[in-house]
Protein chains: 2
Amino acid sequence: MFDMHTGVDAAWDSTDMSGTFARREDAMPAEQAPSHARTRCATCMMRSICMAASLEASEVARLDNVVQSWRSVRQGERLYRAGDPFRSIYAVRVGSFKTVVAPARGKETISGFFMAGDSLGMDGICLETHNCDAIALEDSVVCVIPFHLLEALCREIKPLQRQLHKMLSAEIVRESRQMMLLGSTSAEQRVAAFLLSVSARYRERGYSATSFVLRMTREDIGSFLGVTLETVSRTLSKFQQEGLLTVQGKSIELLNLDALDAR
Amino acid sequence: MFDMHTGVDAAWDSTDMSGTFARREDAMPAEQAPSHARTRCATCMMRSICMAASLEASEVARLDNVVQSWRSVRQGERLYRAGDPFRSIYAVRVGSFKTVVAPARGKETISGFFMAGDSLGMDGICLETHNCDAIALEDSVVCVIPFHLLEALCREIKPLQRQLHKMLSAEIVRESRQMMLLGSTSAEQRVAAFLLSVSARYRERGYSATSFVLRMTREDIGSFLGVTLETVSRTLSKFQQEGLLTVQGKSIELLNLDALDAR
DNA sequence: CGTTATTTTGAGATCCGTCAAGATATGTGG
DNA sequence: CCACATATCTTGACGGATCTCAAAATAACG
């Protein structure tokens with residue numbers, strides 16, 4: 001059965017970092033670095049769905065100069081917290097995250113899940129302060145993209161500007177879909193939609209769309225979907241009884257995507 | 001009691017359009033136009049919460065060249081529809097709108113309400129196609145902002161670029177809040193939060209925060225909040241019985257903001 | 001291997017949706 | 001300006017989907 005760690009390791013090995021997480025400029029001066037080390041975005045497997053999408057090689061190289069560091073975040077640790085000053089956005093290179101919003105009153109809520117290739121932190125731009133916690137669901141690595149540098153480059157490279165705007169807009173559309181899900185569907189429909197969404201995102205990344213491991217708990221899923229963890233569990237059991245899928249703890253095998261979609 | 005039309009007319013009268021809705025460049029050549037007509041953003045009452053926020057006078061003037069037309073939309077008419085090609089974003093100058101998302105299956109949902117000073121259509125950037133309908137809740141006027149021109153100007157004016165990014169990010173945060181509301185609060189809390197949100201937006205615009213007219217139906221509110229129109233109605237009645245507010249059809253008077261917030 | 005976190009499943013309670021009817025508001029044409 | 005038609009809103013009664021509480025089973029982890 002597919003394990004997300006496989007994908008993680010593959011992505012990792014595609015780089016030239018050889019197991020070193022933190023990347024320091026002084027350890028790799030431009031003069032000495034081999035050319036493929038100067039085009040790290042160019043060798044990244046997530047290139048096609050990341051910031052570098054639709055850029056030409058020379059432009060990717062300039063973007064590389066902006067992405068000056070990586071950061072590794074261990075499972076359960078926070079990439080940033082609500083209230084932290086906003087300085088950078090982050091592209092998930094390896095692993096996955098959840099974002100948690102804690103309102104003044106009321107219980108905290110999962111506002112999103114992010115896997116390799118997704119971008120995090122764009123909520124911080126408007127108030128120059130992050131407004132949620134980003135927590136690693138497994139040991140992860142992100143590209144750190146200082147926002148003022150990215151903005152400067154966007155003023156020079158039109159396709160990059162367009163790409164940033166599309167990413168921001170895509171986040172708006174994604175959340176608007178989630179709002180609709182939360183506002184007008186049954187628990188069964190929410191769980192089905194969630195599984196299909198995860199499935200589609202694995203497919204986009206070249207992994208199996210029918211067989212995967214969920215990195216988050218039932219409680220996380222419930223919080224994200226606006227139902228209780230018991231309802232998530234019961235719904236998965238029901239889907240299994242109906243032959244729509246096989247569930248074994250966090251391992252999921254989807255047996256009938258169309259039937260799930262029909263919910 | 002406060003009537004939104006009062007505000008509408010005030011905003012309208014602050015312009016030099018003298019009742020002419022459609023604005024045509026040929027009717028007002030730069031040479032003949034008085035200087036205050038060349039700085040239409042500069043005289044707009046919504047300037048401080050719109051695209052022009054934090055710009056200097058000379059920059060506002062350049063933005064004005066991008067905002068080449070207005071468009072009037074009668075109550076119930078659509079500013080754009082889901083599937084329309086995306087070309088412009090819109091700033092509400094007069095009136096108000098709702099946006100409606102119609103999923104492949106399932107019933108359509110109100111995804112947002114927009115009043116004077118708010119911007120619409122940013123959801124269209126990512127797929128270059130609008131993904132919802134924008135419907136006028138009353139006779140309204142919007143500034144049409146061709147997006148490719150705005151992008152070009154953002155590459156030249158750093159504060160404008162920053163402002164656009166903040167607006168996009170603010171939309172993300174707004175929707176993320178709405179997701180939390182839909183996912184983890186009771187019907188009462190949703191209605192209370194909705195009223196407080198409307199109240200705050202009127203206050204921002206210089207109107208009464210405690211006395212206003214809702215431009216949308218109970219059904220619209222219910223759809224936006226993920227509850228039925230009956231639940232909205234019952235909740236308003238209950239709040240009235242408890243002395244938190246007075247409700248007379250669409251006219252609302254909030255009597256105890258703190259108690260509403262405590263829900 | 002023991003401890004803790006997570007998941008499953010059940011039973012009862014409740015919030016809210018559904019259906020229905022009447023009341024009020026809005027708009028239209030004479 | 002009135003009368004009618006239509007849209008919107010209010011209120012009630014009932015049922016059901018989902019929550020809450022509880023306990024046992026399974027998995028994760030040091």
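Residues numbered from 1 in each chain as written. Chains lettered and ligands numbered in written order. Predicted model: local features only at pLDDT ≥ 70, side-chain atom pairs only at ≥ 80, totals over all residues. Heavy atoms only, no water.

- Per an unreviewed UniProt entry, chain A goes by the name Crp/Fnr family transcriptional regulator and belongs to Cupriavidus lacunae.

### Let's talk about the interface of chain A and chain B
Then comes step 1: At the interface, 40 residues of chain A touch 40 residues of chain B.
Then comes step 2: On the chain A side of the interface with chain B, the three residues burying the most area are A:Arg155, A:Ile172 and A:Met179, jointly 18% of the side's total.
Then comes step 3: Inspection of the chain A/chain B interface yields 5 salt bridges.
Then comes step 4: Where A:Glu128 meets B:Lys166, a salt bridge forms, and the shortest distance between an N and an O atom there is 2.9 Å.
Then comes step 5: Linking chain A with chain B are 22 residue pairs in polar contact (both at pLDDT 80 or more), by the criterion used here.
Then comes step 6: By residue number, the principal contributor to the side of chain A that touches chain B is helix α6 (residues 158-184) of chain A, which donates 20 residues.
Then comes step 7: Each residue belonging to the side of chain A that touches chain B can be placed in one class, and the counts come to 16 nonpolar, 12 polar and 12 charged. (Contact = heavy atoms within 4.5 Å. Buried area = accessible area lost by both parts, 1.4 Å probe. Salt bridge = Lys/Arg side-chain N within 4 Å of Asp/Glu carboxyl O. Polar contact = N/O pair within 3.5 Å; in protein donor to acceptor, adjacent residues only side chain to side chain. Helix = DSSP H or I, 4+ residues; strand = E, 2+ residues; numbered from the N terminus. Nonpolar A, V, L, I, M, F, W, Y, C, P; charged D, E, K, R; others polar.)

### Describing the protein's contact with DNA strand D
Then comes step 1: In the vicinity of DNA strand D there are 18 residues, among which A:Ala187, A:Thr231, B:Arg218, B:Arg234 and B:Ser237 approach most closely.
Then comes step 2: Within the backbone of A:Ala187, one N or O atom sits 2.8 Å away from a phosphate oxygen of DNA strand D.
Then comes step 3: One of the side-chain nitrogen or oxygen atoms of B:Ser233 is found 2.8 Å away from a phosphate oxygen of DNA strand D.
Then comes step 4: Among the secondary structure elements, those contributing two or more residues to the surface near DNA strand D are α9 (229-241) of chain A together with α8 (229-241) of chain B.
Then comes step 5: Looking at the surface near DNA strand D, the element that brings in the most residues is α8(B), giving 5 residues.
Then comes step 6: Taken together, the residues of the surface near DNA strand D sort by class into 3 nonpolar, 9 polar and 6 charged. (Near = heavy atom within 4 Å.)

### Topic: the UniProt feature "domain: HTH crp-type" (unreviewed entry) in chain A
Then comes step 1: The UniProt record marks residues 185-258 of chain A with the feature "domain: HTH crp-type" (unreviewed entry), using the residue numbering of this structure.
Then comes step 2: As annotated, residues 185-258 of chain A has a helix share of 55% and a strand share of 15%, and its two end C-alpha atoms lie 18 Å apart. (UniProt positions renumbered as here; feature names shortened; annotations may be inferred.)

### Description of the environment of B:Asp139
All names here are of chain B.
Then comes step 1: Tracing the backbone shows Asp139 in the loop between β7 (133-136) and β8 (140-146).
Then comes step 2: A relative accessible area of 36% places Asp139 in the partly exposed class.
Then comes step 3: Through-space distance from the C-alpha of Asp139 to that of Thr129 is 25 Å; in sequence the pair is 10 residues apart.
Then comes step 4: Sequence-distant contacts of Asp139, that is, excluding residues within four places in its chain, are made with Val73, Arg74, Gln75, Val94 and Gly95.
Then comes step 5: Only 2.7 Å separates the side chain of Asp139 from the side chain of Arg74, close enough to count as a polar contact.
Then comes step 6: At 2.8 Å, the side chain of Asp139 forms a polar contact with the backbone nitrogen of Gln75. (Buried < 20%, exposed > 50% of the residue type's maximum accessible area, 1.4 Å probe, protein only.)

### Remarks on the relation of the copies chain A and chain B
Then comes step 1: By a simple turn and slide, chain A fits onto chain B: the slide is 0.0 Å along the axis, the RMSD is 0.1 Å, and the turn is 180 degrees. Overall, the copies show the geometry of a two-fold rotation axis. Closest approach to the rotation axis within chain A is made by the C-alpha atom of A:Arg155, at a distance of 2.0 Å.
Then comes step 2: Same-surface contact between copies: 100% of interface residues of chain A are shared with the interface of chain B. (Least-squares fit on C-alpha atoms with pLDDT ≥ 70 in both.)

### So, unusual backbone geometry
Residues and elements named next belong to chain B.
Then comes step 1: Notably, Ser54 is not glycine yet its phi reads approximately 70 degrees, a positive angle.
Then comes step 2: The residue Ser54 is located in the loop between α2 (40-43) and α3 (57-66) in this model.
Then comes step 3: Of note, Glu128 is a non-glycine position whose phi angle comes to about 55 degrees, a positive value.
Then comes step 4: Along the polypeptide, Glu128 turns up in the loop between β6 (119-120) and β7.

### What about the domain arrangement of chain A?
Residue and element names in this part refer to chain A.
Then comes step 1: Annotation of chain A at the domain level lists domain 1 (30-179) and domain 2 (186-261).
Then comes step 2: Look at where the C-alpha atoms of domain 1 and domain 2 centre, and you get two points 26 Å apart.
Then comes step 3: With 18 residues of domain 1 at the contact, the number on the domain 2 side is 12 residues.
Then comes step 4: Around 1,300 Å² of area is buried between domain 1 and domain 2 when both sides are counted, 56% of it from carbon and sulfur atoms.
Then comes step 5: Across the contact surface, domain 1 and domain 2 share 4 salt bridges.
Then comes step 6: Residue Glu138 is joined to Arg215 by a salt bridge in which the shortest nitrogen-to-oxygen separation is 3.6 Å.
Then comes step 7: Here domain 1 is connected to domain 2 by 7 residue pairs in polar contact (both at pLDDT 80 or more). (Domains from an automatic or database assignment.)

### Thoughts on the pattern of salt bridges
All names here are of chain A.
Then comes step 1: By the definition in use, this model includes 33 salt bridges over all chains.
Then comes step 2: We note a salt bridge from Arg78 to Asp133, for which the minimum N-O separation is 2.7 Å. Note that Arg78 is positioned in strand β2 (residues 78-80) and Asp133 in strand β7 (residues 133-136), a separation of 55 residues in sequence.
Then comes step 3: Of the residues examined, Asp133 reaches a relative accessible area of 16% and is grouped as buried.

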